[in-house]
Amino acid sequence: MSTIEASPASATQIPEGARRLTVVGVPSVAERKPEWMKRHIPLAGPNYRELKKTMRGAALHTVCEEAACPNIHQCWEQREASFLIGGEDCTRRCGFCQISTGKPASYDTDEPRRVAETVAQMGLHFAVVTGVARDDLDDGGAWLYAETARQIHELVPNCGVELLIPDFSGSEDGLREVLSAEPEVLAHNLETVRRVFRHTRPAFRYDRSLEVLSRTREWAPHIARKSNLILGMGETEAEVYEAMDDLAEAGCQILTIGQYLQPTHKHLALQRFAEPAEYDRYREYGERLGFDHVEAGPLVRSSFMAGEQAVNAGAWSRPSGDQ
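Owing to the predicted nature of the structure, the values given are computational and were not obtained by experimental measurement.

All chains considered together, the criterion is met by 5 aromatic pairs. Between Phe-197 and Tyr-206 the ring centres are 5.6 Å apart and the planes differ by 90°, which places this aromatic pair in the edge-to-face class. By way of ring pairs, the aromatic residues Tyr-241, Tyr-282 and Tyr-285 are connected into one cluster. Above the face of the Phe-204 ring, Arg-201 is positioned so that its terminal group lies 3.8 Å from the ring centre.

Counting residues in each nonpolar core, the largest one holds 30 residues, and the members touching the most others are Val-119, Ile-152, Leu-163 and Ile-165. No other element matches the 6 residues that helix 5 (residues 142-155) contributes to this core. Ignoring any residue separated from it by four or fewer positions in sequence, one finds Ile-165 in contact with Tyr-145, Leu-175, Val-178, Leu-186, Ala-187, His-188 and Val-212. Within the second largest apolar cluster, 26 residues are counted, among which are Cys-94, Leu-190, Val-193 and Leu-247.

Attention now goes to the packing of helix 6 (residues 172-179) against helix 8 (residues 206-219). Helix 8 packs onto helix 6 with a crossing angle of 55° between their chain directions and a minimal axis gap of 11 Å. In terms of their interaxial angle, helix 6 and helix 8 are classed as oblique. As helix 6 runs across helix 8, the sense of the crossing is right-handed. Residues Glu-172, Leu-175, Arg-176 and Leu-179 of helix 6 lie in contact with helix 8, whose contacting residues are Val-212, Arg-215, Thr-216 and Trp-219. Its residues placed into classes, the contact of helix 6 with helix 8 shows 4 nonpolar, 1 polar and 3 charged.

Taking 1.5 Å of rise per residue, the 12 residues of helix 4 (residues 111-122) would be expected to cover 16 Å, and the 16 Å separating its terminal C-alpha atoms lies within 8% of that figure. Here helix 4 has its buried residues at Glu-111, Pro-112, Arg-114, Val-115, Ala-116, Thr-118, Val-119 and Met-122. Trailing helix 4 by a residue or two, Gly-123 shows a phi angle of about 65°, which is positive.

It is worth spelling out unusual backbone geometry at this point. Even without being a glycine, Phe-168 presents a positive backbone phi close to 50°. With relative accessibility at 6%, the residue Phe-168 sits in the buried group. One non-glycine residue, Glu-191, lies in the positive phi region at around 80°. Looking at where Glu-191 falls in the secondary structure, it is placed in the loop between strand 8 (185-187) and helix 7 (194-200). Overall, the relative accessible area of 8% leaves Glu-191 in the buried class.

Calculation notes
- Residues numbered from 1 in each chain as written.
- Predicted model: local features only at pLDDT ≥ 70, side-chain atom pairs only at ≥ 80, totals over all residues.
- Heavy atoms only, no water.
- Phe/Tyr/Trp six-rings, centres within 6.5 Å; stacked < 30°, edge-to-face > 60°.
- Lys NZ or Arg CZ within 6 Å of the ring centre and 35° of its normal.
- Core = buried A, V, L, I, M, F, W, Y, C linked by side-chain atoms within 4.5 Å.
- Buried < 20%, exposed > 50% of the residue type's maximum accessible area, 1.4 Å probe, protein only.
- Helix = DSSP H or I, 4+ residues; strand = E, 2+ residues; numbered from the N terminus.
- Contact = heavy atoms within 4.5 Å.
- Axes fitted to C-alpha atoms, helices over the stretch in contact; angles between N-to-C directions.
- Parallel < 35°, antiparallel > 145°, perpendicular 65-115°, else oblique.
- Left-handed = near helix turned anticlockwise from the far one by under 90°.
- Nonpolar A, V, L, I, M, F, W, Y, C, P; charged D, E, K, R; others polar.
- Expected span 1.5 Å × (residues − 1).

Below, the structure is given as structure tokens:
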């Protein structure tokens, strides 16, 4: 059985016999969430209800709904949403991700138009566009990301766009295609520390992910760079600081840090719950490193209030009249 050293004892631990990262198929660890992981679901506000109704009529997927994000009410009330493009099946398998792995059934070149029209119908102020890895395509799906951003900007000029992309297998042409669409934010998630990276993201490479950010800084310095780290997959606090050092050196400006929750028994076993004080330390360290904005907390997700993050980082300004 594949195992990786457990995290430091300072964090709340999963029972002794379960402190491991497991291979696929090992039964899940019972997770009793600490109080700081529990959130009262607010009553649905008018914006949320309106956006929900609009999405029911659109043949599209939002990460907000697909991932059962705990922040959906807050983001949708602020008219921010995250779209999942490229289909339902991913050509890669990350041990923490609940998106299905398989051979994609088709390539929908009309999807960018439908996303843009839905953004307009929802009256969004900021849209995050992410997608499955499409290693079956020559460009890895780069055109799909770029065209979606272009059509959103054309149809809803005041809407900010964040493209959360894969690494396109290191293709420079793929990244240049995406950057040509001029998103306000270019995001590529590192997700975890170097030591456990290959175990959790076998189809990705730690240094190649950093290159996505450093190349963006070199080729399009006016576009904000963003990344994400997930806690609870076997990392130590010292290793998180090292990953933050690497991200800062690569030119990352916006960083989100949140808690991993094991989706099913077929996913990587949860190692620990990071306490709120640990997130405070990361925010303080990020400030010292010079990040423009660090969003860290147990319930934080990569696209959580992405527009607000972009505003705080100076990467985007809300149109006059938007609250």
